[in-house]
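One letter stands for each residue in the lines below.
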Amino acid sequence: MRAVVITRAGGPEVLEAREVEDPPALGEGEVLVEVAAAGVNRADTLQRHGRHPPPPGASPYPGLECSGTIVALGPNVPSRWTVGDKVCALLTGGGYAEKVVVPAGQLLPVPEGVSLTDAASLPEVASTVWSTVFMTSHLSPGESFLVHGGSSGIGTFAIQIAKHLGIKVFVTAGSEEKLAACKGLGADVCINYKTEDFVERVDVILDNIGGSYLQRNLNSLGVDGRLFIIGLQGGAVAEVNLQAVFARRLTIQAAGLRGRSLDNKAQIVSEVEKNVWPAIAAGKVKPVIYKTFPLAEAAEAHKLMETSSHIGKILLIP
C-alpha cells in the first residue's frame, strides 16, 4: 500500500508518500479499513518534528482519524460491523495511508447527511471536545464557554456543538475573516486576540495555547470555573498567581487523546456516537472542510496547517 512516511524529524519536506508493507494481520477485535480520507491534525506536525512519537505498538505513519470502508474483520469483532460498512474512526496513528487497522471500539458509522470524505474530519475533533469539555469539565446548558482558536478544526466543531446544547460561546481568533467564520457558526462573542484581551468571566475554557495564556485564562474564569488545556502552542512553562484559583474555586485540567487506553477511547467514541452523532444527523453540527490534498501532497497540507491560515479541517485523499 502507499503511505506517508516521516523520513526524519524536520519540516514538511520530510514527508514522503512511499510504497510500504500492508498493515500487520488483524488482532482480536480489529478491522481493516480502506481509507477514503484522513484528517490532518496539529499533533501530526508535532510527530513530524519528533515531539509526539506514536505510542508503543502504534503505526509509525501519521494520521489520527480517517474515513473509509471496512474490508476485513479480525476475530471477535462486534456483530454490528461487517465488510462493506462505511465508517470513520479515531486512530492511534496510520491514517495517512491507503489502509489502516482500527480497534472496533474506535469505529463510528458515517453520520447521516455527511459524505464519506467529509466524515474523516469528525472523529478527532468530536472525541477531543466531547471528552474534555463535556465528559470531564461538565459544561452544561445555560453556562458560558470560551474556546481559543475558534477557527481551528477543534474550534469550529466546539462552537457548533456548544450552541446546539444551549451554551453561550466566546471565541478568540487572529483575523477578521476567522472571527466572521466563527460568528457564522454561531459564536456569540468573537475576540481578536491580536487587538483585544479576553477578560469576560466564563464557566469553561478550552485552551490549545498553554503557558502564555495560563494567567489570563484563570483571570477569565468565574466561580467554580474549569480550564481544560489540550495544547501547548504557547509553551509548557508559566509563572502563575494562584490567588484566583483559591478565591473562585477554579479547576485546571489537561489531557490528550492519543495515549489513552483502548477501553477509554472506546468509551469516549461510544459517548460521541450517543451525544454528538444525532446533532450531526439533524444538521445542527456540520463538518467544516477548508481544503483537501492528495496523499502525495501531505507536505503541502502540513505547510498550510503550520501557517494557521485555514478555517476548519484539512483532509488528505489517498
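The structure presented is a predicted model; accordingly, all values stated were derived computationally and were not measured.

A word on the side chain of Ser144
Moving on, step 1. Mapped onto the elements, Ser144 comes out in strand E8 (residues 144–148).
Moving on, step 2. The exposure class assigned to Ser144 is buried, which follows from its relative accessible area of 11%.

A few points about unusual backbone geometry
Moving on, step 1. The backbone phi angle of Asn76 is positive, close to 60°, even though this residue is not glycine.
Moving on, step 2. Here Asn76 lies in the loop between strand E4 (65–73) and strand E5 (86–90).
Moving on, step 3. Judged by relative accessible area, which is 61%, Asn76 ranks as exposed.
Moving on, step 4. Of note in this structure, Arg249 is not a glycine but carries a positive phi near 55°.
Moving on, step 5. Here Arg249 is to be found in the loop between helix H6 (243–248) and strand E13 (251–254).

Focus: the domain arrangement of the chain
For interface size, the figure often reported is the accessible area lost on association.
Moving on, step 1. One can read the domain layout of the chain as domain 1 (2–121 + 288–316) and domain 2 (126–254).
Moving on, step 2. Measuring from the centre of the C-alpha atoms in domain 1 to the corresponding centre in domain 2 gives 27 Å.
Moving on, step 3. Viewed at the interface, domain 2 and domain 1 are joined by zero salt bridges.
Moving on, step 4. One can count two residue pairs in polar contact (both at pLDDT 80 or more) joining domain 1 with domain 2.

Let's talk about the state of the cysteines
Moving on, step 1. Within this structure, the stated rule accounts for zero disulfides.
Moving on, step 2. Of all cysteine sulfurs, the one in Cys190 lies closest to Cys182, which takes part in no disulfide; the gap is 5.6 Å.

What to know about helix H3 (residues 153–164)
Because an α-helix completes one turn every 3.6 residues, residues spaced three or four positions apart along the sequence face the same direction.
Moving on, step 1. Its 12 residues place the ends of H3 17 Å apart at the C-alpha level, agreeing with the 16 Å of an ideal helix rising 1.5 Å per residue.
Moving on, step 2. When you tally the buried positions in H3, you get nine out of 12 residues, the bulk of the element.
Moving on, step 3. Residues of H3 that are buried: Gly153, Gly155, Thr156, Phe157, Ala158, Ile159, Gln160, Ile161 and Ala162.
Moving on, step 4. Looking at the buried positions of H3, the neighbouring elements they touch are helix H2 (123–134), E8, strand E9 (168–173), helix H4 (176–185), helix H8 (277–281) and strand E15 (313–317).

Some details on the pairing of strand E6 (residues 99–103)
Moving on, step 1. The two faces of E6 differ: Val100 and Val102 on one face are buried, but Lys99, Val101 and Pro103 on the other face are not.
Moving on, step 2. Sheet topology note: the strand E3 (residues 30–40)/E6 ladder contains five bridges and is antiparallel. Paired with Glu30 across the strands is Pro103, a residue of E6.

Topic: the sheet that holds strand E10 (residues 189–192)
Moving on, step 1. Spatially, six strands are ordered E10-E9-E8-E11-E12-E13 in an open sheet, and the strand pairing comes out parallel. With partners counted over all chains shown, the strands left at the sheet margins are E10 and E13, one partner each. Along the sheet, successive strands turn relative to each other by an average axial angle of 15°, direction set aside.
Moving on, step 2. With four bridges connecting them, strand E12 (residues 221–229) and E13 associate as parallel partners. By the bridge assignment for E13, Arg226 is matched with Thr251.
Moving on, step 3. Sheet strands touched by H2: E8, strand E11 (202–207) and E12. Its angle to E11, the strand with the most contacts, is close to 145°.
Moving on, step 4. Running over the sheet, H4 touches E9 and E10 and is turned about 165° from E10.

Cut-offs and rules
Residues numbered from 1 in each chain as written. Predicted model: local features only at pLDDT ≥ 70, side-chain atom pairs only at ≥ 80, totals over all residues. Heavy atoms only, no water. Helix = DSSP H or I, 4+ residues; strand = E, 2+ residues; numbered from the N terminus. Buried < 20%, exposed > 50% of the residue type's maximum accessible area, 1.4 Å probe, protein only. Domains from an automatic or database assignment. Salt bridge = Lys/Arg side-chain N within 4 Å of Asp/Glu carboxyl O. Polar contact = N/O pair within 3.5 Å; in protein donor to acceptor, adjacent residues only side chain to side chain. Disulfide = S-S within 2.5 Å. Expected span 1.5 Å × (residues − 1). Contact = heavy atoms within 4.5 Å. Pairing = 2+ DSSP bridges. Axes fitted to C-alpha atoms, helices over the stretch in contact; angles between N-to-C directions.

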